[in-house]
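Now for the letters of each chain:
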Amino acid sequence: MLCRYFQCLQNKGNPSSSVQQGAATLETYVWLSNEMQFSGGKRKKLRLTGDQRNVCYPHSLQFYLEPPSESISLIEFESLAIDRVKLLKAVENLGVSYVKGTEPYQSKLENEIRKLKFSFRENLENEYEPRRKDHISHFILRLAYCQSEDLRRWFIQQEMDLLRFRFSILPKDKIQNFLKDSHLHFEAISDEEKSVREPEILASSPSLSGSKMELELESVYKIPFADALDLFRGRKVYLEGGFAYVPLKDIVAIVLNEFRAKLSKALALTARSLPAVQSDERLQPLLNHLSHSYTGQDYSTQKNAGKISLDQIDSLSTKSFPPCMRQLHKALRENHHLRHGGRMQYGLFLKGIGLTLEQALQFWKQEFIRGKMDPDKFDKGYSYNIRHSFGKEGKRTDYTPFSCMKIILTNPPSHGDYHGCPFRHSDPELLKQKLQSYKISPGGIQQILDLVKGTHYQVACQKYFEMIHNVDDCGFSLSHPNQFFFESQRILSGNKDIRKESIQPETPQPKPSVQKAKDASSALACLNSSLEMDMEGLEDYFSE
């Protein structure tokens, strides 16, 4: 059905094939959103067996040149997208924690891919579903991450690193077919041709280290000169007759450049046509949520309620608070007041680490009164707000502490504000001074500033965690301020796993068999409810 739909698109006579492809990619999702059934009735599903599956996905990696051509439910749409976000975040964290291509990096990334059930190796049995998942989830995230330059840049970088890993473990006998299927017309030269040019190739290719034996075992590709400009600029390739002779070790750079160019163009085209999807009230909340999504543990529960006393907060702020909360606490103590965004961010964090409603009321009232606020004014203007954040007023919604992604990507601070992420929103010189005041070593400060320069804000915070706790590897990927606190307390209390008391495991995704039985409209209603719950009403109650 959808194949015929794309055939119609291609027959419209648009002279630009690239624009056609971008439109077709977007129209896939317009079609998806318009054609999905919400009745819970039976839906026709693409069923392929044997050789047909191999034709759909012949390799464990791809350039994603063709959009999906089947119907999926909104439940599966969300599930696939969230798993892809988890995978790309793992790729990012491993990429800055380990040297790419090394054995620890390769091993840990393979484990993450296995855990999330994505494709990664050739010649594995039952690879159709992982490859299908990889294909569809990539296109879903294109829609979510095409909406700003920062999102596009992040998405492209993680997808490139994922492709680099998969290409590095691709068997040599599969490489030529992969290049052909990706529309890369690179041909491996024969052994005879390689022998004729052996001296020149060895002299021009540093990756071969001048080893004849290594060259004999290595494939060499004849590539148009224009496709090897990066290697040419670095004088790392042999040129002859308008062609570059590139060893297999160096061809990955060319493959990645081609992939980046194609993906960047596709994202730009999708962003230009995005209003067509944004008009769909079923998909837009989900797509916005994905680009700011937090996929870790749930810190909204109050099993540790009352285990933190008000007298401990000052001490805890220097030992176990992340910099974003540490700066909010310092500003509150100095100014005896926080503006709208700061009260939201810090108040929900304190709730998440264990302050009860009664403690929160006492904490904020004492501090605001020190700022010459009348007690009656606090009771009338602020007490209700705090009770509301604990789910005791209004909609009775139990509001969740903000994740790192939410703090980084939403509501940036303005003059006079103290909320936000110091690694994202602070001037580098001011950040340097702040880290110096926290007694971080000059070498450590430089490492953190380098991560910030590369826009790895959460990893920079994780590096700060490792430095103040004197550990080489914290053993987790930081994604939440409350996670920072509980992990810090676990280390300071002698590795006792206090998280078991305070953290509820993330709600697992529905199994496929359950998904089929669920009504998609009910699932979307729950999703929209959870998204609205996060902010609706709370901003009004916290406003000045």
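Source: prediction; values computed, not measured.

Novice: Explain the pairing of strand 2 (residues 220–224) to me, using residue names and the numbers behind them.
Specialist: In this structure, strand 1 (residues 187–188) lies alongside strand 2, joined through 2 bridges in antiparallel fashion. Considered in strand 2, the bridge of Ala-188 is made with Tyr-221. As judged from the 5 bridges shared by strand 2 and strand 4 (residues 243–247), these two strands associate in the antiparallel manner. Residue pairing across strands places Lys-222 opposite Tyr-245, the latter belonging to strand 4.

Novice: With reference to specific residues and values, describe the confidence of the model for the protein.
Specialist: Per-residue pLDDT for the protein averages 79, and the proportion of residues at 70 or more is 78%. Below pLDDT 50 for its whole length, residues 1–51 participates in 79 contacts with residues either more than four positions away or in separate chains. For the stretch residues 496–544, pLDDT sits under 50, and the model shows 87 contacts to residues farther than four places along the chain or on other chains.

Novice: Which residues make up the sheet that holds strand 4, and what values go with them?
Specialist: Ordered by their spatial adjacency, 4 strands build an open sheet running 1-2-4-3, and the pairing between neighbours is antiparallel. Among the strands making up the open sheet, the edge pair consists of strand 1 and strand 3 (238–240). Pairing analysis gives 3 bridges linking strand 3 to strand 4, with the strands arranged antiparallel. Considered in strand 4, the bridge of Leu-239 is made with Ala-244. Lying over the sheet, helix 13 (residues 248–272) contacts strand 2 and strand 4, oriented at roughly 115° with respect to strand 4.

Novice: Would you mind going over the side chain of His-138 in detail, with residue names and values included?
Specialist: Note on placement: His-138 falls in helix 6 (residues 128–144). For His-138, a relative accessible area of 0% puts it in the buried group. Beyond its immediate chain neighbours, meaning those up to four positions away, His-138 contacts Tyr-64, Arg-84, Phe-155, Glu-159 and Leu-263.

Novice: If you had to explain the packing of aromatic side chains to someone new, which residues and values would you point to?
Specialist: One pass over the structure, following the stated rule, counts 26 aromatic pairs. For the ring pair Phe-63 and Phe-259, a centre distance of 5.4 Å and an interplane angle of 55° mean the geometry is tilted. In this pair, Phe-63 sits in the loop between helix 3 (51–56) and helix 4 (74–97) while Phe-259 sits in helix 13, placing the two residues 196 residues apart along the sequence. Neither residue differs from the other here; Phe-63 and Phe-259 are each classed as buried.

Novice: I'd like a rundown of the packing of helix 17 (residues 323–335) against helix 19 (residues 357–370), residues and numbers included.
Specialist: Between helix 17 and helix 19, the shortest axis-to-axis distance is 8 Å and the interhelical angle comes to 45°. As far as their axial angle goes, helix 19 and helix 17 are oblique. On helix 19, the residues touching His-329, Leu-332 and Arg-333 of helix 17 are Phe-363, Trp-364, Glu-367, Phe-368 and Arg-370. For the contact of helix 17 with helix 19, the residue count by class is 4 nonpolar, 1 polar and 3 charged.

Novice: Run through helix 25 (residues 442–453), naming residues and quoting values.
Specialist: Relative to the 16 Å expected for 12 residues at 1.5 Å per residue, helix 25 spans 16 Å between its end C-alpha atoms, a close match to the ideal helical length. For helix 25, the full list of buried residues reads Gly-444, Ile-445, Ile-448, Leu-449, Leu-451 and Val-452. Viewed end-on, helix 25 has its buried residues packed into an arc of 155°, placing them on one side of the element. Those residues of helix 25 that are exposed and aimed more than 90 degrees away from the buried face are Pro-442 and Lys-453. Contacts made by the buried residues of helix 25 are with helix 4, helix 23 (422–425), helix 24 (428–437) and helix 26 (457–468). The positive-phi residue at the C-terminal boundary of helix 25 is Thr-455, with phi of around 65°.

Novice: Describe the packing of helix 17 against helix 18 (residues 340–353), listing the residues and the values that go with them.
Specialist: The interhelical angle for the contact between helix 17 and helix 18, taken along N-to-C directions, is 110°, at an axis separation of 10 Å. On the basis of the axis angle, helix 17 is roughly perpendicular to helix 18. Both helix 17 and helix 18 take part in a crossing whose hand is left-handed. Side by side, helix 17 and helix 18 meet where Cys-324, Met-325, Leu-328, His-329 and Leu-332 of the first sit next to Gly-342, Gln-345, Tyr-346 and Phe-349 of the second. Among the residues forming the contact of helix 17 with helix 18, the class breakdown is 6 nonpolar, 3 polar and no charged.

Novice: For helix 8 (residues 172–181), give the residues involved together with the corresponding values.
Specialist: Among the residues making up helix 8, those that are buried are Ile-175, Phe-178 and Leu-179. The arc enclosing the buried residues of helix 8, seen along the axis, measures out at 95°, which places them on a common side. Looking at helix 8, the residues exposed on the side facing more than 90 degrees away from the buried face are Asp-173 and Lys-180. The elements touched by buried residues of helix 8 are helix 7 (149–168), strand 2 and helix 13.

Novice: Give a description of the nonpolar core that names residues and reports values.
Specialist: The tendency in soluble globular proteins is for nonpolar side chains to be buried side by side. Counting residues in hydrophobic clusters, the biggest one holds 66 residues, and the most contacted among them are Ile-140, Phe-167, Leu-179, Ile-251, Val-255 and Leu-290. When residues in this core are grouped by element, the largest group, 10 residues, is from helix 4. Setting aside residues up to four positions removed in sequence, Leu-290 forms contacts with Ala-81, Ile-82, Val-85, Ile-140, Ala-144 and Tyr-145. Counting residues in each nonpolar core, the second largest holds 56 residues, with Cys-324, Met-325, Ile-386 and Leu-435 among its members.

Cut-offs used in this document
Residues numbered from 1 in each chain as written. Predicted model: local features only at pLDDT ≥ 70, side-chain atom pairs only at ≥ 80, totals over all residues. Heavy atoms only, no water. Pairing = 2+ DSSP bridges. Helix = DSSP H or I, 4+ residues; strand = E, 2+ residues; numbered from the N terminus. pLDDT = per-residue confidence, 0-100. Contact = heavy atoms within 4.5 Å. Axes fitted to C-alpha atoms, helices over the stretch in contact; angles between N-to-C directions. Buried < 20%, exposed > 50% of the residue type's maximum accessible area, 1.4 Å probe, protein only. Phe/Tyr/Trp six-rings, centres within 6.5 Å; stacked < 30°, edge-to-face > 60°. Parallel < 35°, antiparallel > 145°, perpendicular 65-115°, else oblique. Nonpolar A, V, L, I, M, F, W, Y, C, P; charged D, E, K, R; others polar. Expected span 1.5 Å × (residues − 1). Arc of directions from axis to C-beta. Left-handed = near helix turned anticlockwise from the far one by under 90°. Core = buried A, V, L, I, M, F, W, Y, C linked by side-chain atoms within 4.5 Å.

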